[in-house]
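Observations on the three-dimensional arrangement
The primary structure of each chain is shown beneath.
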Amino acid sequence: MHPLGATRSSRRPDHLLQTPDTFIRSPLPGASGVEFIVHASPQLGARFTQMTAEFAADGVLGPAPAQRFLYVLDGELRLEAGGDQQSLTSGSFAYLPKDTVHGVRAATAARAVIIEKPYEAKAGSSPAMIIGNESAVKAMPLMGDESLRVRALMPDGPAYDFAVNTMTYEPGAALSMVEIHVMEHGLLMLEGGGIYRLGDSWYPVQAGDFIWMAPYCPQWFGALGKEAAKYLIYKDWRMHPLEPGR
Ligand code: UGY
Ligand code: MN
């Protein structure tokens, strides 16, 4: 949608819809053979970063400045941590607590979502490294709605301060309410499409689009079309509103 400056992308104080025609790729310190599309950042008003990392074969990621979550979109990454090497392919994810020494190298050209968030130590609990694949995570109906299934990729416990879920909507399924909440979201559309309400605007969205929702951004989604719609969604979680980093 370039002619005469048209795009579906939209930047408002309480949300960003960023469509692929507006993505700009850049290098980041410490990485080589990787280009980054930085979707969400403190510069935007977010308290986390969300990027898509596009690896050439043999590309390597630099050290993480904060706790890091990785979700592989396609290709194969090799993660080295704690003396172990793991192969991560489509749907694989890894959570690396703050200060975990690790290396990520691409075995093939690959793309991954990277989410990083500063971590405030919690008394009496410390987070553990997690490696998994979405296909092994049980899908739970959202508020009893079987047409809308949620897979929680992060554990929910006192040591963890964010969640990353996938949400899959059957054609025609929709959130049962307009949500307005203190948590912010980073969202990447993975499959299908529909209509996203953000603030007082309704946007057509499709696979490949990124959305940031600020705290209290009114939000609602309904899936359209003949195939399921699916997105990966980040939210801060278990954080007191007065906690630093909120
Ligand atoms: O977890 C959530 O807040 C989720 N239901 N929000 C969303 O899909 N926009
Ligand atoms: Mn929400």
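See the structure above.
Computed from a prediction, not measured in an experiment: that's the story for all the values here. (Residues numbered from 1 in each chain as written. Chains lettered and ligands numbered in written order. Predicted model: local features only at pLDDT ≥ 70, side-chain atom pairs only at ≥ 80, totals over all residues. Heavy atoms only, no water.)

Across its full length, the protein carries 0 helices and 20 strands. On C-alpha atoms alone, the protein measures out to a radius of gyration of 18 Å, which is about the 18 Å that the 2.2 N^0.38 rule sets for 246 residues. Viewed in the frame of its principal axes, the protein has a C-alpha envelope of about 45 × 45 × 35 Å. Taken over 246 residues, the protein has a buried fraction of 50%. Expressed as a percentage of contacts within the protein between residues at least 6 apart in sequence, the contacts between residues at least 24 apart total 66%. Carbon and sulfur atoms make up 57% of the accessible area of the protein, which totals about 11,300 Å². (Helix = DSSP H or I, 4+ residues; strand = E, 2+ residues; numbered from the N terminus. Rg over C-alpha atoms; globule rule 2.2 N^0.38 Å. Buried < 20%, exposed > 50% of the residue type's maximum accessible area, 1.4 Å probe, protein only. Contact = heavy atoms within 4.5 Å. Areas by Shrake-Rupley, 256 points an atom, 1.4 Å probe, with all protein chains shown as cover.)

Here we come to the layout of surface pockets. Taken as a whole, the largest pocket spans an internal volume of roughly 490 Å³. Lining the largest pocket are 25 residues, and of these Leu142, Val150, Asn165, Lys235 and Trp237 lie nearest its centre. At the level of secondary structure, the elements contributing two or more residues to the lining of the largest pocket comprise β13 (145–152), β14 (162–169) and β20 (229–236). Broken down by class, the residue content of the lining of the largest pocket amounts to 17 nonpolar, 5 polar and 3 charged. (1 Å grid on protein atoms, 1.4 Å probe; cavity = no way out; pocket = protein on both sides within 12 Å on 5 of 7 lines; lining within 4 Å. Points joined across faces, edges and corners; volume = space filled by probe spheres on them. Nonpolar A, V, L, I, M, F, W, Y, C, P; charged D, E, K, R; others polar.)

What follows concerns the site of ligand 1. Taken together, Met167, Tyr169, Leu175, Glu179, His181, His185, Tyr196, Gln219, Tyr231, Ile233 and Lys235 are the residues near ligand 1. Take His185: an N or O atom from its side chain is 3.1 Å from an oxygen atom of ligand 1. Between ligand 1 and the protein, one listed contact pairs a nitrogen atom with a side-chain N or O atom of Tyr196 at 2.9 Å. Within the complex, the protein chains bury 93% of what would otherwise be the 270 Å² of accessible surface of ligand 1. (Near = heavy atom within 4 Å. Polar contact = N/O pair within 3.5 Å; in protein donor to acceptor, adjacent residues only side chain to side chain.)

Spatially, 8 strands are ordered β1-β2-β18-β15-β20-β14-β13-β12 in an open sheet, and the strand pairing comes out antiparallel. With partners counted over all chains shown, the strands left at the sheet margins are β1 (10–12) and β12 (140–142), one partner each. Averaged over all neighbouring strand pairs, the angle between strand axes comes to 25 degrees, with direction disregarded. Strand direction decides the pairing type here: β12 and β13, joined by 3 bridges, are antiparallel. Residue pairing for β13: Met140 is matched across the bridge by Val150. (Pairing = 2+ DSSP bridges. Axes fitted to C-alpha atoms, helices over the stretch in contact; angles between N-to-C directions.)

Counted according to the given criterion, the structure contains 13 salt bridges. The salt bridge partner of Asp74 is Arg111, with a shortest N-O separation of 2.9 Å. One end of the pair, Asp74, is in strand β5 (residues 67–74); the other, Arg111, is in strand β10 (residues 110–117), and 37 residues separate them in sequence. Asp74 sits in the partly exposed class, given a relative accessible area of 29%. With a relative accessible area of 32%, Arg111 lands in the partly exposed category. If you follow the salt bridges from partner to partner, you end up with Lys117, Lys122, Asp161 and Glu243 in one network. (Salt bridge = Lys/Arg side-chain N within 4 Å of Asp/Glu carboxyl O.)

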